[in-house]
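Given next are the chains, with one letter for each unit.
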Amino acid sequence: MKKSVLTRYRVMAYVTAVLLILLTVGVIGKRLLHLDGFDGFTTAVGIAHGWLYVAYLVFAFDLGSKAKLPVGRLVWLLLAGTIPTAAFFVERQVSRTVQPLIEKEPDPSPATA
């Protein structure tokens, strides 16, 4: 497995997690605290998180299938983008699991003529 597969997943995990935290703060400010100005913020962050979560799902599934993760871990990996802060912990756990698989793979070297 290439290192770029893990890197893409890690970037999307952090982006999705940060947007979900911002969305949670926006919803609390809008719905519970009834603060003005959170309508546009919540809408914009919600749309961004929704679209980027789809990209996160694609990259997470790609990583999980290439790393041959068990179904339970793959489901947890995919759902981590829906629970605030969970993606941070799951990303760390998956990175520790997948990193040895990347290091085992031989480095492709150009053929000598």
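Before reading on, note that the structure itself is shown above.
Described below are features of the structure shown in this document. Counting restarts for each chain: residues are numbered from 1 in the order of the written sequence. pLDDT decides what is reported in this predicted model: residues at 70 or higher carry local features, side-chain atom pairs at 80 or more are listed and counted, and totals for whole chains, interfaces and linings draw on all residues regardless. Processing note: side-chain calculations cover all non-hydrogen atoms of the structure and skip hydrogens and water entirely.

1. Examining helix α2 (residues 38-66)
Along its 29 residues, α2 runs 40 Å from first to last C-alpha, staying within 8% of the 42 Å computed at 1.5 Å per residue. Think of it in three bands: residues with accessible area under 20% of the maximum for their type are buried, residues over 50% are exposed, and the middle band is partly exposed, with areas taken using a 1.4 Å probe on protein chains only. Numbering of helices and strands runs from the N terminus; a helix is a DSSP stretch of H or I covering at least four residues, while a strand is a stretch of E covering at least two. Along α2, the positions that sit buried rather than exposed are T42, V45, H49, Y53, Y56, A60, D62, L63 and G64. Those residues of α2 hidden inside the fold are in contact with α1 (3-32), α3 (71-79) and α4 (86-104). To estimate the expected span of a helix, subtract one from its residue number and multiply by 1.5 Å. Contacts: residue pairs with any heavy atoms within 4.5 Å of one another.

2. Some words on a nonpolar patch on the surface
A contiguous nonpolar surface patch, about 450 Å² in accessible area, is contributed by V71, V75, W76, L79 and I83. Inspection of the secondary structure assignment puts V75 in helix α3. Among the residues examined, V75 registers a relative accessible area of 41% and is labelled partly exposed. Exposure above 30% relative accessible area and the lack of any salt bridge qualify a residue for a patch; like charges then connect within 9 Å, and the nonpolar side chains Val, Leu, Ile, Met, Phe, Trp and Tyr within 5 Å. Areas reported here follow the Shrake-Rupley algorithm with a probe of radius 1.4 Å; residue values treat only the protein chains shown as occluding. Salt-bridge detection follows one rule: a side-chain nitrogen of Lys or Arg within 4 Å of a carboxyl oxygen of Asp or Glu.

3. Some words on the nonpolar core
Among the buried residues, those of types Ala, Val, Leu, Ile, Met, Phe, Trp, Tyr and Cys that are joined through side-chain atoms within 4.5 Å form a nonpolar core. In this structure, M1, Y9, Y56, L63, L77, V94 and V98 are the most contacted members of the largest nonpolar core, which totals 22 residues. Those elements giving two or more residues to this core turn out to be α1, α2, α3 and α4. Counting residues per element, this core draws most heavily on α1, at 6 residues. Not counting residues up to four positions away in its chain, the partners in contact with Y9 are Y56, F59, A60, L63, L77, V90, E91 and V94.

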